[in-house]
Structure formats: C-alpha cells, structure tokens
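Coordinates in review
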There are 2 protein chains.
Amino acid sequence: MRVAVDVLGGDYAPGEILKGVAQALLTEEFRVDELLLAGPEALITAKLREAGVSDIPAVLDTDQVIEGHEKPIEGLRAKPKASVVLCVGAVKQGAADGLIAFGNTGATVASATMGLGMLKGIRRPGIAVTLQGAHGPFVLLDVGANPTPKPNHMFQYALMGSAYAEDLLGIERPRIGLLNIGGEATKGNSVLKETHAALAAGDLNFVGNVEGNHLFSGEADVYVADGFVGNMVLKVVEGFAEFLVRAAREQGESVREALRGMVGAAEFSEVGGATLLGVDGVVLIGHGRSKADAVLSALRAVRKDVDKGVNRHIVENLEAHREEEPAAE
Amino acid sequence: MRVAVDVLGGDYAPGEILKGVAQALLTEEFRVDELLLAGPEALITAKLREAGVSDIPAVLDTDQVIEGHEKPIEGLRAKPKASVVLCVGAVKQGAADGLIAFGNTGATVASATMGLGMLKGIRRPGIAVTLQGAHGPFVLLDVGANPTPKPNHMFQYALMGSAYAEDLLGIERPRIGLLNIGGEATKGNSVLKETHAALAAGDLNFVGNVEGNHLFSGEADVYVADGFVGNMVLKVVEGFAEFLVRAAREQGESVREALRGMVGAAEFSEVGGATLLGVDGVVLIGHGRSKADAVLSALRAVRKDVDKGVNRHIVENLEAHREEEPAAE
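Structure report, in brief. Everything quoted here is computed from the prediction, not taken from an experiment.

As for the sheet that holds strand β11 (residues 282-286) of chain A
The strands making up a sheet are joined through hydrogen bonds of the backbone, oriented either antiparallel or parallel. All names here are of chain A. Sheet architecture is open: 11 strands sit in the order β3-β2-β1-β4-β11-β10-β5-β6-β9-β7-β8, paired in mixed fashion. The open sheet has two edge strands, β3 (58-61) and β8 (206-210), and neither has a second partner. In this sheet, adjacent strand axes meet at a mean angle of 25 degrees when their direction is disregarded. Along the sheet face, helix α2 (residues 41-50) touches β2 (35-39) and β3 and points at about 125 degrees away from the line of β2.

A look at the pattern of salt bridges
Evaluated as defined, the whole model comprises 25 salt bridges over all chains. Ionic pairing is found between Lys79 of chain A and Glu70 of chain A, a salt bridge with its closest N-O pair at 2.6 Å. Look at Glu70 of chain A and you get buried, because its relative accessible area is 18%. Lys235 of chain A serves as the salt-bridge partner of Glu211 of chain B, at 2.2 Å between the closest nitrogen and oxygen. You can see Glu211 of chain B sitting in the loop between β8 (206-210) and β9 (222-224) and its partner Lys235 of chain A sitting in helix α8 (residues 227-247), one on each of two chains. One network of salt bridges, with partners in common, ties together Arg31, Asp33, Glu34 and Arg303 of chain A.

Describing the sheet that holds β9 of chain B
Residue and element names in this part refer to chain B. If you trace the 11 strands from one edge of the open sheet to the other, you get β3-β2-β1-β4-β11-β10-β5-β6-β9-β7-β8, paired in mixed fashion. Looking at strand neighbours, the two that pair on one side only are β3 (58-61) and β8, the edges of this open sheet. Strand-to-strand, the axes of this sheet are offset by a mean angle of 25 degrees, without reference to chain direction. Pairing between strand β5 (residues 126-133) and strand β6 (residues 136-141): six bridges, direction antiparallel. By the bridge assignment, Thr130 is partnered in β6 with Val139. Across the face of the sheet, helix α2 (residues 41-50) comes into contact with β2 (35-39) and β3 while running at roughly 125 degrees to β2. Each of β5, β6, β7 (176-179), β9 and β10 (273-277) touches helix α6 (residues 151-169); the most contacted strand, β6, lies at about 155 degrees to it.

Considerations on the packing of aromatic side chains
By the definition in use, this model includes 11 aromatic pairs over all chains. Chaining the aromatic ring pairs together yields one cluster made of Phe138, Phe216, Tyr223, Phe240 and Phe243 of chain A together with Phe138, Phe216, Tyr223, Phe240 and Phe243 of chain B. It is Lys291 of chain A that lies over the ring of Tyr12 of chain A; its NZ or CZ is 4.7 Å from the centre.

A word on the environment of Glu172 of chain A
Counting through the fold element by element, Glu172 of chain A comes out in the loop between α6 (151-169) and β7 (176-179). Residues Glu172 of chain A and Val210 of chain A, spaced 38 residues apart in sequence, show a C-alpha to C-alpha distance of 20 Å.

Side note on the packing of α6 of chain B against helix α10 (residues 292-308) of chain B
Residue and element names in this part refer to chain B. The contact between α6 and α10 brings their axes to 10 Å, and the two run at 105 degrees. If you check the angle between α6 and α10, you find them roughly perpendicular. Here α6 contributes Tyr164, Asp167 and Leu168 to the contact with α10, which in turn contributes Lys304, Asp305 and Lys308. Taken together, the residues of the contact of α6 with α10 sort by class into two nonpolar, no polar and four charged.

A look at the pairing of β10 of chain B
Residue and element names in this part refer to chain B. The element β10 is largely enclosed, with a buried count of five among its five residues. As defined by bridge partners, β10 adjoins strand β11 (residues 282-286) across four bridges and the pair is classed as antiparallel. Looking across to β11, one finds that Thr275 is bridged to Leu284. Hairpin connection, β10 to β11: the antiparallel pair is bridged by four residues, and Gly278 has positive phi, about 110 degrees.

Some details on helix α8 (residues 227-247) of chain B
Residues and elements named next belong to chain B. Between its terminal C-alpha atoms α8 stretches 30 Å, which fits the 30 Å expected from 21 residues at 1.5 Å a residue. Burial within α8 is extensive, with 17 of its 21 residues counted as buried. Sitting at the amino-terminal end of α8 is Asp226, which places a side-chain oxygen 2.9 Å from the backbone nitrogen of Phe228.

Quick word on the relation of the copies chain A and chain B
The transform that puts chain A on chain B rotates by 180 degrees and translates by 0.0 Å along the axis, for an RMSD of 0.0 Å. Such values leave the two copies arranged in the relation of a two-fold axis. Minimal C-alpha distance to the rotation axis in chain A is attained by Val255 of chain A, lying at 2.6 Å. Counting the interface residues of chain A, we find that 100% of their copies in chain B are interface residues as well, pointing to one common contact surface.

Examining the interface of chain A and chain B
Taken together, the 42 residues of chain A in the interface contact 42 residues of chain B. Across the chain A/chain B interface, buried area totals approximately 3,600 Å², and carbon plus sulfur atoms make up 80% of it. Looking at the side of chain A facing chain B, the largest losses of area belong to Ile181, Phe240 and Met262 of chain A, adding up to 19% of the total buried there. Between chain A and chain B we count four residue pairs in polar contact (both at pLDDT 80 or more) in total. Only β5 (126-133), α8 and α9 (253-266) of chain A provide two or more residues apiece to the side of chain A that touches chain B. Per-element tally for the side of chain A that touches chain B: the top contributor is α8 of chain A, with 15 residues.

Overview of unusual backbone geometry
All names here are of chain A. For the peptide bond that leads from Leu141 to Asp142, omega is 0 degrees, which places it in the cis range. Within the secondary structure, Asp142 sits in the loop between β6 (136-141) and α6. Phi at Arg173 takes a positive value of approximately 40 degrees, unusual for a residue other than glycine. Structurally, Arg173 can be placed in the loop between α6 and β7.

Thoughts on the packing of α6 of chain A against helix α11 (residues 310-320) of chain A
Residues and elements named next belong to chain A. Remark: α6 packs on α11, axes separated minimally by 9 Å, with the N-to-C direction vectors making an angle of 135 degrees. Comparing the axis directions of α6 and α11 gives the class oblique. Along this stretch, α6 crosses α11, giving a crossing that reads as right-handed. Note on element contacts: α11 touches α6 through Val310, His313, Ile314, Asn317 and Leu318, opposite Gln156, Leu159, Met160, Ser162, Ala163, Tyr164, Glu166, Asp167 and Leu168.

Brief notes about the side chain of Asp167 of chain B
All names here are of chain B. Along the polypeptide, Asp167 turns up in helix α6. Within the structure, the side chain of Asp167 is placed 2.7 Å from the side chain of His313, a separation counted as a polar contact. With residues up to four places along the chain from it excluded, the contact list for Asp167 reads Lys308, Gly309, Val310 and His313.

Description of α10 of chain B
Residue and element names in this part refer to chain B. Given a rise of 1.5 Å per residue, 17 residues ought to cover 24 Å, and the 25 Å separating the end C-alpha atoms of α10 matches this to within 8%. Here α10 has its buried residues at Ala292, Ala294, Val295, Leu296, Ala298, Leu299, Val302, Arg303, Asp305 and Val306. Trailing α10 by a residue or two, Gly309 shows a phi angle of about 55 degrees, which is positive.

Describing the side chain of Asp142 of chain A
Residues and elements named next belong to chain A. One buried charged residue, Asp142, forms no salt bridge at all, with the nearest opposite charge on Arg124 at 8.0 Å. Within polar-contact distance, the side chain of Asp142 engages the backbone nitrogen of Ala145 at 2.8 Å. Dropping the residues within four chain positions of it, Asp142 is found in contact with Gly126, Ile127, Tyr157, Ala225, Asp226, Gly227, Gly230 and Asn231.

Thresholds applied
- Residues numbered from 1 in each chain as written.
- Chains lettered and ligands numbered in written order.
- Predicted model: local features only at pLDDT ≥ 70, side-chain atom pairs only at ≥ 80, totals over all residues.
- Heavy atoms only, no water.
- Pairing = 2+ DSSP bridges.
- Helix = DSSP H or I, 4+ residues; strand = E, 2+ residues; numbered from the N terminus.
- Axes fitted to C-alpha atoms, helices over the stretch in contact; angles between N-to-C directions.
- Contact = heavy atoms within 4.5 Å.
- Salt bridge = Lys/Arg side-chain N within 4 Å of Asp/Glu carboxyl O.
- Buried < 20%, exposed > 50% of the residue type's maximum accessible area, 1.4 Å probe, protein only.
- Phe/Tyr/Trp six-rings, centres within 6.5 Å; stacked < 30°, edge-to-face > 60°.
- Lys NZ or Arg CZ within 6 Å of the ring centre and 35° of its normal.
- Parallel < 35°, antiparallel > 145°, perpendicular 65-115°, else oblique.
- Nonpolar A, V, L, I, M, F, W, Y, C, P; charged D, E, K, R; others polar.
- Expected span 1.5 Å × (residues − 1).
- Polar contact = N/O pair within 3.5 Å; in protein donor to acceptor, adjacent residues only side chain to side chain.
- Least-squares fit on C-alpha atoms with pLDDT ≥ 70 in both.
- Buried area = accessible area lost by both parts, 1.4 Å probe.
- Left-handed = near helix turned anticlockwise from the far one by under 90°.
- Lys, Arg positive; Asp, Glu negative; His and termini not counted.

Rendered as structure tokens:
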C-alpha cells in the first residue's frame, strides 16, 4: 500500500504537511516505501531530516503548485507538473494506490477526474465527508464537487454514499436521507423532487427528506445534497464551531476544552479528510487548514480507503440499481 | 401600538403562547389594549384567568388553525377564519399595527402576502432573522419565504436587509454579503452571479461573496441567501447547537449551562422571531417551538419592528437604488 502525498497544496504547506509525514514515519505507522511525496525534493529532504527522519521516501520532484485562488482548469493547463497532477499520475500508473491533497479542491477534483477517469457508469464525482453526530458517524455528500447536479447525479451520490457507509463505517443497509427544507416529497426544487421520486421507488434504504436541524440527530446514515448546499452546510458548521470555541474563552478553560473536544468530532476541519467518490482511484481531499496532526489523520484515512476498496462496491451497487436511476437529461 | 397574536399556531400552542401573553400582561410590559388575540375566546379567557390575568385582551374568536403539515394555499382556502388570517385582517384594517404567528410559516407568508399586499415596488417577500455572531448581531435573509428567487428578488433582499439592519440594529451603512461557496464573483449558480454583478455595480455597502464558515465571524452585517440555502443554514445551525448541548450533558452541568448560553444567542429558536420583509405591514414569524419565554421575546420583537417603521425605509431604499436592480426575467 502506497500513498502519494501532495506536499505543496494547503494553507500550511509544505511545513505542516511534512511534519505530518515525519510523524507518520517516526511513529512507524507508515513505512518509508508506503509514501510517495510530490514537491521540491531538496526541500522535502531537508525538512524531513530536520524532523529526525533518516530514510526519506521517494519524491516526485516539482515546484509547481496550483494555488488556492487559481481557477482549476487554467491552473492545470498552465502547470502540467503541478504537485497534485503528479500524484494523480502516480495513482493512474500504479505507482501509488491512493493520493491525498490539501490544496485547491477544484483542481484536485478536476485533475483526478481527467487523469483517472470515472468509475464505469458513474457520471459525476462527489465529495463525501464523515462527521460525528448524536448516534455516531454519518456521511454527507456532495460537499462541493458539483454545485449543480442533475437528478441522476444525485441518485448516484446516494448509491456511492451507501457503499461508502457500508464499507468505511460498517453500517448495514445505510439509511439514505435527502437534505431538504421540508419533509414532504414535494419540497425543494425539481432536482430534489425527481431525486426523491427515484429513491422512493428504488431499493436503497431511503428514509426520505431530512431537514437541516436533523443532520446531527441521526435520522440517516448518509445525507445526500447538491454540492452547493453540502459545501455551505459543512462550512457553516465549521464556522459556527469555531465561533463557539472562541466565545468559550470567556467561559474559562475547562468549558473551552470540553467544547473543543465536542465540536472536533463533528467538524470537518478536525477530520482527516473527505473522499472523492466516483473516480477510478482513491483520492482523499484533505482540509486546506490541516496541520501536522490532521495530516497524519488524513494519511490514516486514505490508507483505510485503499484497504476497504469501496470503488468495486460502488460499481456493483450501480449495476444492481441501474433500472432505478433517473434518466440523464 | 397593538399586536395581533395568533394563539393557535405553533408546537406548544395554545398553552405556551398564552403563558407568554400572560407574562407580558402581568409584568405590565404590555397593556391589555396593546394585544389582540386570535383563537377560541372561551379557552383564551379561561387560560389567562388561570394564569392570574384579570383584564383579558380583545379576542378574534375562532377555532380554525392551519396545522404545520398542511399545504399553505390549501389550508388558507379551506379555513377562511384561520387564526393567522384573522391576524392579517386585523393589521390590514388597522385594528392592529403588527402581528405575530408561531404556526405554519408558509401559511403565514402566503396569508400576509395576499392579505396585506407587497410594499410598493417589492416583488417578493423575504424572511429576515437576527443572530449573534463574534462581533454582535447580524441579519440573515431569506430563511425560507422563497426557495427559488430571481436575481432581482435577491437584490431586493439586500436592500431590505440593509434598511432592516440600519433601523433595528442601528448599524450605519450595513455591510452586505452574498452567501456563496467561494469568494470569487464567478462562484455559484447564475442567480448568484447576476446578483453579485448588480450589487457590485450598485451603491449599497456590498462586501462580496462570503463563505459559510464566515457567517458567524462578522464579515458582513447582512447575509443574503436564497430561501432554500438560508433555511438550510439556519436549521443546520439550530440542529448542531442542539446536538452540542445534548452532548455536553456528559461534560457536566457547568459546561452545559455555559454552552446553552452561548448557542442561545446564535440560535434562531432562542431568538424572538424572524421578520417577514416586503409585505405592507409588520409580520413577525415566531419559531414553531417557542415556549412562554420565547413568546414574550417575540412580542418585544414585534413591538420593536412596529416602533422602528422599517417599511417606509425599505420603500425609500428601493427608490434610491431602482436603477441598480437587475431586470425582471
């Protein structure tokens, strides 16, 4: 098992990414041949040595990176040797089993989609994140790969999310909920209505529309949303959690610590990363603000994704439910 | 100043609504002639007497109510004497200066829109809620009146929200942010892009797109969203706050109390209510789960709305910025 790591993307790259990598090696959680690093070789070697690592992993040498503010497609065109592109290439060629990138999400999605291609039958990728709710972990997707999906894309998110929750969270026949602003089947825009109709007629364990106030209360194991709503929800929760932790300063250190622990389990920024589902390969999207500890969690997460082999399961799910899928427009 | 109160709508109606009304009277915050109650007269009289109120406010006697699960238009058609309809009628006829309803939000919006009409020039109403962030209160609208607004509706939300924040929160030239999934002007769907273009070219204090993680960090004073996203965001925050308060049980009572206080200021369910902007009258939408204390807060809020006379300001704002408004499609 080998993970390609984009060392250059992310708010605290390359310093914190390399600290996380160093931790992974020094604790022997990862062997040196289990990592493949994309970034400037001299800098990587120097930083890892500094951190006490003697045996340096293989490096895909580059100093090109797609910055957070760059438009993904333009960035990819201008920088053929961008660190994320090299990671995708390594997975495509079999030099790595999965990759993790902490930089420009759009560039990671575009690069992976173009470089790896889609899983057979899947039309659009979706980003799945696992959060902790009142009754344990749940999956929310899509959190930003496709802000304007069609009903058949949404249906496939349900399929992919179901396979993911089974494999990664060990939940049998995961309950699928459609994130909406009302419980009735007639709520929301036409995409939500059509998706609801297809899921209700189909064979997945669909529990219907779920409103936002029940996201954390355990009404479903997988919440399906379009990439705009999913991203908004995820970021609002993140911002609200941060706001509370800051406000807790005035309440004293014990309250702050307790709160920090509670929101950490629910917040994406504390989770290892999100998985890009639908592409033909394992791609983990790390949070841009990851520091060394989060990098280490992300490395664990991508290893788990590789080990579980959810992609085969997704393709099987798709075959089994092909008749239920709404027609492409 | 007189407020019409729908006693029959809401999860804890009529009991908690009447308890709140009783508090308002017993504490002399409201005089008896400042309230007008819509609901079953005998029951209202009995309950208020029971609570220690001797001088009973005037009642619009009815036992018709539009339940939370009813479709607004169908409910309004079937129940011409629904409590919310009587409240709207009282405002329309000048028997009350404003109304508050805790029941079916869609029915309140539809009834107010049809019964009061729109403010001159305003095309669609929007629901504005005030929450507490890191740097004080901010306004979020629309939180559910119109899930699929056009750019000109969104532009008018900005105008209305600006007037509202000036009048109700005392903020001069409020900073207007467009809730979006990225900071760049090109982010989001076509409605967001067109709204962004119009606001950027116009004369309101527009600060651009704001991502969800900055909702509580004080980047803007007024956040504009479509009714789907606004409602989802509000409910997710509510659900997350509830989840945290429950989880805090395990952390001990002091943590729980501290958290309860912190999330209360940020959460809609603890705020008095949301204001329906754009209709020709003062309409407060109370949270469905309001208990007596929240009912009292809501009564205070509607009085403040009446006193501040934001509607005149909205019409003036509209006149001043008419040239900037995107064309109706």
